[in-house]
Amino acid sequence: KGVARSFASFWEGQCQNIKESLAVMDTMGTGRVTLADFYGANKEGEWRFGESEEYLRELGALDESSPWRGTQVIISNYLQAASNCIISREKYLVCCVNECEGILGDIE
């Protein structure tokens, strides 16, 4: 159990790195990254950000509502993707922490 908790702490650090990488690309401060920038980061040697557009759509991580801004990846939804879970078993997951859970818990 201790090893799993230690690994979860390590993985959360990786999740924060993912979030920071995406936040740098969020030039409008909307919590979104253009799909072109998302895939462009992958071309610059980033091993993440290679999920298909269809997969991102299924996750609810694509915002296709703005013809002016084009298709964008919603950072918070992307961070919750199964592709950002390092261990995935039937009864155990090590994924990125949902930062909104703490806030919602306070509200409830």
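Please read all numbers here as calculations on a predicted model, not as lab measurements.

## A short note on the overall build of the protein
Part 1: Looking only at helices and strands, the protein features five helices and five strands.
Part 2: Overall, the protein shows an N-to-C arrangement of helices and strands of α-β-α-α-β-β-α-β-β-α.
Part 3: Within the protein, buried positions represent 29% of all 108 residues.

## A word on the layout of surface pockets
Part 1: Counted as a void, the largest pocket has a volume near 220 Å³.
Part 2: Lining the largest pocket are 14 residues; nearest its centre among them are Lys19, Ser76, Leu79, Gln80 and Glu99.
Part 3: At the level of secondary structure, the elements contributing two or more residues to the lining of the largest pocket comprise α1 (2-25), α4 (75-79) and α5 (99-107).
Part 4: In terms of residue class, the lining of the largest pocket is built from six nonpolar, five polar and three charged.

## What to know about the sheet that holds strand β3 (residues 72-74)
Part 1: Strand order in the open sheet made by the three strands is β1-β3-β2, with antiparallel pairing throughout. Of all the strands in the sheet, the pair left with one neighbour each is β1 (32-34) and β2 (62-63).
Part 2: Against the sheet, helix α2 (residues 35-43) engages β1, β2 and β3, with an angle of about 75° to β1.

## Observations regarding the confidence of the model for the protein
Part 1: Per-residue confidence for the protein averages 82 on the pLDDT scale, and 76% of its residues sit at or above 70.
Part 2: Per-element confidence in the protein ranges from a low mean pLDDT of 63 for strand β4 (residues 87-89) to a high of 97 for β3.

## What about the pattern of salt bridges?
Part 1: A complete count under the given rule lists three salt bridges for this structure.
Part 2: Here Arg32 makes a salt bridge to Asp63, at a shortest N to O gap of 2.7 Å. Taken together, the positions of Arg32 in strand β1 and Asp63 in strand β2 put the pair 31 residues apart, joining distant regions of the chain.
Part 3: Relative accessible area serves as the criterion here: at 12%, Asp63 is assigned to the buried category.
Part 4: Residue Glu53 pairs with Arg57 through a salt bridge whose shortest N-O separation is 3.4 Å. Placement of the pair is Glu53 and Arg57 together in helix α3 (residues 53-59), with a separation of four residues, close to one helical turn.
Part 5: Here the salt bridges do not stand alone but share partners, grouping Glu53, Arg57 and Glu64 into one network.

## Points about the nonpolar core
Part 1: Residues Leu22, Phe38, Phe49, Leu56, Val73 and Tyr78 are the most contacted members of the largest nonpolar core, which totals 15 residues.
Part 2: Among residues more than four places away in sequence, those in contact with Leu56 are Leu35, Phe38, Tyr39, Glu51, Ala61, Leu62, Val73 and Tyr78.

## A closer look at α2
Part 1: All of the buried residues in α2 are Leu35, Phe38 and Ala41. Projected onto a plane normal to the axis of α2, the buried residues spread over an arc of 130° and lie on a single side. For α2, the exposed residues lying more than 90 degrees away from the buried face are Ala36 and Lys43.

Reading the values: the criteria
Residues numbered from 1 in each chain as written. Predicted model: local features only at pLDDT ≥ 70, side-chain atom pairs only at ≥ 80, totals over all residues. Heavy atoms only, no water. Helix = DSSP H or I, 4+ residues; strand = E, 2+ residues; numbered from the N terminus. Buried < 20%, exposed > 50% of the residue type's maximum accessible area, 1.4 Å probe, protein only. 1 Å grid on protein atoms, 1.4 Å probe; cavity = no way out; pocket = protein on both sides within 12 Å on 5 of 7 lines; lining within 4 Å. Points joined across faces, edges and corners; volume = space filled by probe spheres on them. Nonpolar A, V, L, I, M, F, W, Y, C, P; charged D, E, K, R; others polar. Pairing = 2+ DSSP bridges. Contact = heavy atoms within 4.5 Å. Axes fitted to C-alpha atoms, helices over the stretch in contact; angles between N-to-C directions. pLDDT = per-residue confidence, 0-100. Salt bridge = Lys/Arg side-chain N within 4 Å of Asp/Glu carboxyl O. Core = buried A, V, L, I, M, F, W, Y, C linked by side-chain atoms within 4.5 Å. Arc of directions from axis to C-beta.

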